[in-house]
Each structure stands twice: as C-alpha cells, then as structure tokens.
Amino acid sequence: MQPQIRAPQKANPLLLPRGLGGKSVLTGGLDALEFIGKKTMNVLAESDPGFKRTKTLMERTVSLSQMLREAKEKEKQRLAQQLTAERTAHYGMLFDEYQGLSHLEALEILSNESESKVQSFLASLDGEKLEVLKNDLISIKDIFAAKVFENEENQEVQGIEENKEEFASMLTELLFELHVAATPDKLNKAMKKAHDWVEEDQTVVSVDVAEESEDKTENEEKEEKPENPEEDKMKEKTNKTVEEVYMLSIESLAEVTARCIEQLHKVAELILHGQEEEKSAQDQAKVLIKLTTAMCKEVASLSEKFTNSLTTVGSNQKAEVLNPMINSVLLEGCNSTTYIQDAFQLLLPVLQVSHIQTSCSKAQP
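Residues numbered from 1 in each chain as written. Predicted model: local features only at pLDDT ≥ 70, side-chain atom pairs only at ≥ 80, totals over all residues. Heavy atoms only, no water.

The name an unreviewed UniProt entry assigns to the chain is Protein NOXP20 isoform X3, from the organism Bos indicus. Quoted verbatim from the Sequence similarities (unreviewed entry) field of UniProt, the annotation for the chain is "Belongs to the FAM114 family." (UniProt positions renumbered as here; feature names shortened; annotations may be inferred.)

Structure, rendered in structure tokens:
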C-alpha cells in the first residue's frame, strides 16, 4: 500500500521568487520568460549530465503526498463499509490525522514555488553572473546528492540506541546551528510518548503467559497476602494484548513521522522568511543532513523496539497471526524513513532561493 520512493531527487539547480532579485527580474513578459527559462534549463542539462534524471526524480517525489492521500481515501471507503467503531491501525489515515499529509503537501508547494523562482531568476542573468550563480546552486545540489548516495550505501544500518533525552538535546542543537527560531517541542513530545509506552511494555510479559501464571498461583497469593486493589489496577493497565501493541506501534510511527515532516516544513519556512542571522546555504544543507539522519535513525530504532515488543507480547500467538503484524511494523518503519528523506530533498530549492536572496542583499549598496 505504501509507495516506495527510495530515490530522492537531486534537485534542479536554479530557482527564485518574483521580485526576489530586484526590479529587473521580471521584465520580458511571461511568454518571453518561459522561452528564456526553457533555454536556460537546456543549458543546465548540457552542463549537468544528471540533470534529466534529477528532474524525473523530483517529479516522482512531489507526487508522494497525492499517493498517500489516495491510499488514505481508499482505506476510508473500505472502512465505511464495515460496521465497526474500532480505531483502525491504517498508517496513512493516522499520518493524516496527525497533520503529516498537510505539512507534506505544504512543503511540496513551497518547494515547487522555490524552484520556479530560481528558474525565473536564472533566466534574468547571462554571461559570467549566470555561470557563477549556476556553480553556487550546483554546489548546494551536490551536498544533497551526497546525502542520497549515503542513504543508498547504508540502507542496512540499524537505528541508534539513544535515549529520548539525548535525541531531544541533539534536535535542539541542530536547529540552533541552522540559525532559525524553531523548537522541536511537538516532535520531542511524540518521541517521548513512543519511548515511554514501549519501555513500559518491555517490562511486561505476554498477557496469555500472565494469565496462566495467575491461574497457577492464585490460591497461594490469596493465602500469603491480602488483595491489593492498586496493584491489580496497575497490572490491568500495563498488560497489553498483541493487537493493542500493534496498534500503538503503527500509531506511534505515524505520529513521529508526521512531526518530523512538520519540523522540516517549519524549518523551510523559517529559512526563507525568519532567519535570525545569516548562515550560508551550503552550511545549512550540511546541518539539515545531520537533522534528517538523526530523525531517520530514531524512527528505525523505534521500529525495531516495536517489533521486539510485539514478539514478547505475542510469544504465545501463532506465527500466521504474529508475523504479519511484525512485517507490517517493519514496512511502515521503512516507509517512514523514506518519507522523511523525501521531505529533506524538497528543501533543496528552498536553500537555493535562500542563497539567491542572500547574494542579492549583499550586492545591494
């Protein structure tokens, strides 16, 4: 059900907003601008052999939100035919419920607008100025391309084993390095909630095993000590069925991934409109790689913990019941990291626009 969009696009190297380079950016009319833009892109394609492949990959990535929305709508239609009020463990619907789809769509729009702006600005240049800017933008793209290569070479790397406090601290430090006024409060809260329930669950044996143990020792316990209502409540609260653990796993992955996409969307907005101080686009790209890598590793680590919890709680379940749940959690964990990586690639045109903005402001007297 989930789209596999492993190959993030090496973004197109040229883009900026209307009015973003001074009064002379848009002077030739839309028709002339379109012609010049096409010519400029052809020149770029000639100087960059990977440009055509990059453009194709970009087109695939920007359709990710549409594919997710279509999958969610199909699941809604299927559930509408069922006479049940139970909460579903469908990843796409939960991802949308946590506003992940809305933020992904908003990030795609921002990325596409930024790409158009870069193309427009490049179309207004020629000669040495065009070559200098083109080289700058390609250097930013190369940083993103290096991230793509790194992902392809390290697909088997497992998630880092950091506690939630270390991850929260790392996120805060990386956002500070970006020089944007962003805080990871929602993401940290989602991560903490996911870690808390799975760590609590790891201390509890299978419900079936617990019930058997209770049956065997029930009489002895009654003789040795009086009933403790508070202890019974705690036991009832902590014991989870395998279905409940599966539901929590899918929901946690959907929420954490949605918060990661939301964080990247906010970072993109702030890079364009709310930077506290100047930081080169190249340096910001390197920090964003660290941020995205930390997110992906944390999601991978959570996915592994969820499957371990499922295995423990469902130890008495038949393989045909338990294995599909474990496989589903592993699949959604893999898809989650893919969505985060794709969202990262959408930031390329944003950084290129930011670079043009900075260059134009420095050129002004």
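1. Section: the overall build of the chain
From N to C terminus, the chain includes 14 helices and 0 strands. When its helices and strands are written in sequence order, the chain yields α-α-α-α-α-α-α-α-α-α-α-α-α-α. Going through the 365 residues of the chain one by one, you find that 48% of them count as buried. Once local pairs closer than 6 in sequence are excluded, the contacts in the chain between residues at least 24 apart make up 89%. Element-wise, carbon and sulfur atoms account for 51% of the exposed surface of the chain, whose accessible area totals about 18800 Å². (Helix = DSSP H or I, 4+ residues; strand = E, 2+ residues; numbered from the N terminus. Buried < 20%, exposed > 50% of the residue type's maximum accessible area, 1.4 Å probe, protein only. Contact = heavy atoms within 4.5 Å. Areas by Shrake-Rupley, 256 points an atom, 1.4 Å probe, with all protein chains shown as cover.)

2. As for the pattern of salt bridges
The full count for this structure, using the stated rule, is 6 salt bridges. Among the salt bridges present, the one from glutamate 255 reaches lysine 193, with a minimum N-O distance of 2.9 Å. With glutamate 255 in helix α11 (residues 242-273) and lysine 193 in helix α8 (residues 185-201), this pair connects stretches of sequence that are 62 residues apart. The shortest N-O distance in the salt bridge between glutamate 262 and arginine 259 comes to 3.1 Å. Taken together, the residues span about one helical turn, with glutamate 262 and arginine 259 both in helix α11 at a distance of 3 residues. Put simply, Lys186, Arg259, Glu262 and Lys266 are held in one network by salt bridges that share partners. (Salt bridge = Lys/Arg side-chain N within 4 Å of Asp/Glu carboxyl O.)

3. Notes on the confidence of the model for the chain
Low pLDDT marks stretches whose predicted atomic positions should not be read closely. Summary statistics for the chain give a mean pLDDT of 74 and a share of 61% for residues scoring 70 or more. A low-confidence stretch, residues 1-41 (pLDDT under 50), is modelled with 129 contacts involving residues beyond four sequence positions or located in other chains. Segment residues 230-238: pLDDT under 50, and 5 contacts once partners within four positions in sequence are set aside and those in other chains are kept. (pLDDT = per-residue confidence, 0-100.)

4. Looking at the packing of aromatic side chains
As enumerated under the stated definition, the model contains 5 aromatic pairs in all. On the numbers, 6.2 Å between centres and 45 degrees between planes, the contact of tyrosine 91 with tyrosine 339 is tilted. A residue pair is termed long-range when its members are at least 10 positions apart, and tyrosine 91 in helix α4 (residues 91-97) and tyrosine 339 in helix α13 (residues 319-345) qualify at 248 residues. Tyrosine 91 sits in the buried class, given a relative accessible area of 1%. (Phe/Tyr/Trp six-rings, centres within 6.5 Å; stacked < 30°, edge-to-face > 60°.)

5. Observations regarding the nonpolar core
Formed by 78 residues in total, the largest nonpolar core has its most connected members in Val256 and Leu288. Here the element with the most residues in this core is α11; it accounts for 16 residues. When residues no more than four places from it in sequence are discounted, the contact partners of valine 256 are Leu187, Ala190, Met191, Ala194, Val299 and Leu302. (Core = buried A, V, L, I, M, F, W, Y, C linked by side-chain atoms within 4.5 Å.)

6. Some words on the environment of leucine 272
Considering the arrangement of structural elements, one finds leucine 272 in helix α11. A residue is classified by how much of its surface remains accessible, and leucine 272, at 11% relative accessible area, is buried. Residues leucine 272 and leucine 110, spaced 162 residues apart in sequence, show a C-alpha to C-alpha distance of 9.9 Å. Beyond its immediate sequence surroundings of up to four residues, leucine 272 is in contact with Leu110, Ser114, Val350, Val353, Ser354 and Gln357.

7. Some points on the state of the cysteines
According to the stated counting rule, one finds 0 disulfides in the structure shown. Of all cysteine sulfurs in the structure, the one in cysteine 296 sits closest to cysteine 260, which takes part in no disulfide; the separation is 7.6 Å. (Disulfide = S-S within 2.5 Å.)

8. Considering the environment of threonine 338
Among the secondary structure elements, threonine 338 is positioned in helix α13. Through-space distance from the C-alpha of threonine 338 to that of cysteine 296 is 8.3 Å; in sequence the pair is 42 residues apart.

9. Looking at the side chain of glutamine 263
One can find glutamine 263 in helix α11. Residue contacts for glutamine 263: discarding those within four places in its chain leaves Leu175, Ala182, Thr183, Pro184, Leu187 and Met295.

10. Notes on the packing of α11 against helix α12 (residues 281-313)
As a packed pair, α11 and α12 sit with axes 9 Å apart at the nearest point and diverge in direction by 175 degrees. As summarised for this structure, α11 and α12 are arranged roughly antiparallel, according to the angle between their axes. Mapping the contact onto sequence places Val242, Val245, Tyr246, Ser249, Ser252, Leu253, Val256, Cys260, Gln263, Leu264, Val267 and Ile271 in α11 and Gln284, Leu288, Leu291, Thr292, Met295, Val299, Leu302, Ser303, Phe306, Ser309, Leu310 and Val313 in α12. Classifying every residue of the contact of α11 with α12 by side-chain character gives 17 nonpolar, 7 polar and no charged. (Axes fitted to C-alpha atoms, helices over the stretch in contact; angles between N-to-C directions. Parallel < 35°, antiparallel > 145°, perpendicular 65-115°, else oblique. Nonpolar A, V, L, I, M, F, W, Y, C, P; charged D, E, K, R; others polar.)

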